[in-house]
Amino acid sequence: MLPARQRIGAYHTSVDGKLGRSLEQIYPVRHRLVGENFVQAMASAILEHGVSRSPGLGDYGAAFPAFLSTFRPVQSLAYLTDVARLEWLWHRAFNAPDQPRLNLEALARVPPEHWDRLVFRLPAGAALIASDYPIHRIWEINTIPTPSHDVIDLDQGGIRILVWGDGHSTRLDLPSETGWQLLQAFASGVPFGELCRQDFDHSGTTMAELLPVWVQCGWLRDFVLQEEVDP
Amino acid sequence: MADSNIQGVGLGLRPPHYADILSSWPAIPWFEALSDNYLGGGLPLHHLTRIRERYPITLHGVGLSFGSVDPLNQAYLKRLNALVDRVEPSFVSDHLAWVSQGGRYFHELAPLPYTEEALEHVAERIQRVQDVLGRQILIENLSPYVRFAGSDYLEWEFLSELARRADCFLLLDVNNVFVNAFNHDFDPLAYLDALPAERVKELHLAGHEEEGSFLFDIHGRAVQDGVWALYRQALQRFEQVPALIEWDTDIPALEVLMTEAAKAEALRSGRPVP
């Protein structure tokens, strides 16, 4: 008969295994970048510090990028924390609730005197991430089969990414400078009237031209009038 | 909800098999989806929705934490209810376990003391969940590695009385009974005989691992001979109850699971075992 200590230990081993596998699934790129042994060491460290507040195993690991930024053994890999942030956002977008396309008929019914108060919303689970490193290339090269001669230049400059999904696929899009500014404004709930008055560099493109394109590509998924925005 | 549209031997639905299922639509009578994997949405729920169009589905979860003294997680229950509305599963099930304490989740199915107090507590929580979901649910037996001193009931007595008080059904994991009987030295047939047959609506089959003189329920290998033998006994006791092949770690190709399911079905229907 197994001693009680070993029986309790079996639960400990099982929990470690489940959470470790969960981290591997959410952060496959990080896993490939640092290797199995390093991942085991990191998993053990985060398991000692992490507290899960959700019944969903998939929710575990939200704090991992922040943990990584303080984990001394990886401080020399400056891009690793940003890659982990990207992976977490991808995981969130991948599991975000389905959402229909923006209701154009409802939008057309908004009287012109209320247009100033229109607040357009990004898809559920969408997020913006900026990095000093080409983390989208690091992500792609480690998740999508590519020729082995692909080389990533870590000094190629910063990158800005919109991570989003439409219920069928999850995407990493690279908006223009103007697009980035507008996406940030939409993500912050800035109403349409204020957006039109702000001094964005539209590069010759008007807001009236940009909006239909963004609705069409799925970046704008919903709208409310300003008073209806949740506090 | 005593009747269901599932029959025969189904498979646990796992992400590595989505592509095979969605391209070949294999001859599998039903799938059991892990509800916790579909509470968000996105691509997993999209896949499940497509599979649901062709197959009956049951939902099996680990997050209701019936044995915990934490309040029922209403946000989780609301998401589960929405998933049930969308998928319209034949059964909804969870475990006789607790997975949280003080709002901290440890993602492991922890066992309960089989006391009168625990029985009252769990039965009341199951009833509340059933009220929200508007249906009777199935409760699955665990393979606890520890037992508590001072229990008022044997495990099978506890389960039987729980099903009666909560007016719920039972999901009998045959592998867990086998593992428990070995680890805690009791007669597994006594376990089967004691359960109310009319309450047992589904069987689970899975593999375990032996380490020294102890068995561990790991769901990572084929069903072993001893479990197949006990399954035969369970079929005599529970007759046409549907069964499921569960495989959660080191998941093999779909064909391997289908071979296991074919064996379980052959035993059910009295045909030669492949």
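Residues numbered from 1 in each chain as written. Chains lettered and ligands numbered in written order. Predicted model: local features only at pLDDT ≥ 70, side-chain atom pairs only at ≥ 80, totals over all residues.

(A) Structural detail: the overall build of chain B. In terms of regular secondary structure, chain B is built from nine helices and 12 strands. For chain B, the C-alpha radius of gyration of 18 Å lies close to 19 Å, the compact-globule estimate for 274 residues. Principal-axis analysis of the C-alpha atoms gives chain B an extent of 50 × 40 × 35 Å. The 274 residues of chain B split such that 48% are buried. Taking as baseline every contact in chain B between residues at least 6 positions apart, the subset at least 24 positions apart corresponds to 77%. (Helix = DSSP H or I, 4+ residues; strand = E, 2+ residues; numbered from the N terminus. Rg over C-alpha atoms; globule rule 2.2 N^0.38 Å. Buried ≥ 20, exposed ≤ 12 C-beta atoms within 10 Å, placed from the backbone. Contact = placed C-beta atoms within 7 Å.)

(B) How the structure looks around the domain arrangement of chain A. Residue and element names in this part refer to chain A. Entries for chain A in the domain assignment read domain 1 (1-76) and domain 2 (98-231). Taken together, the contacts link four residues of domain 1 with four residues of domain 2. Each residue belonging to the side of domain 1 that touches domain 2 can be placed in one class, and the counts come to three nonpolar, no polar and one charged. (Domains from an automatic or database assignment. Nonpolar A, V, L, I, M, F, W, Y, C, P; charged D, E, K, R; others polar.)

(C) Spotlight on the confidence of the model for chain B. The pLDDT averaged across chain B works out to 94; a share of 99% of its residues lies at or above 70. Both scores are available for the predicted complex, with the pTM at 0.88 and the ipTM at 0.84. (pLDDT = per-residue confidence, 0-100.)

(D) Examining unusual backbone geometry more closely. All names here are of chain B. Positive phi, normally seen in glycine, also occurs at Glu88, with a value near 50°. Its place among the elements puts Glu88 in the loop between α3 (74-87) and β4 (92-95). When the 10 C-beta atoms within 10 Å are taken as the criterion, Glu88 is described as exposed.

(E) Here's a closer look at the confidence of the model for chain A. Within chain A, residue pLDDT values average 84, and 90% of them lie at 70 or more. Of all secondary-structure elements in chain A, the lowest mean pLDDT belongs to helix α3 (residues 36-49) of chain A, at 71, while strand β2 (residues 127-131) of chain A reaches the highest, 97.

(F) Helix α8 (residues 177-187) of chain A, seen in detail. All names here are of chain A. Inspection of α8 places Gly179, Leu182, Leu183 and Phe186 among the buried residues, and these make up the whole buried set. Here the buried residues of α8 occupy an arc of 105° about the axis, which is enough to place them on one side. Elements that come into contact with the buried residues of α8 comprise β1 (118-121), β2 and β3 (159-165). One or two steps after α8, the chain reaches Gly189, where phi turns positive at roughly 80°. (Arc of directions from axis to C-beta.)

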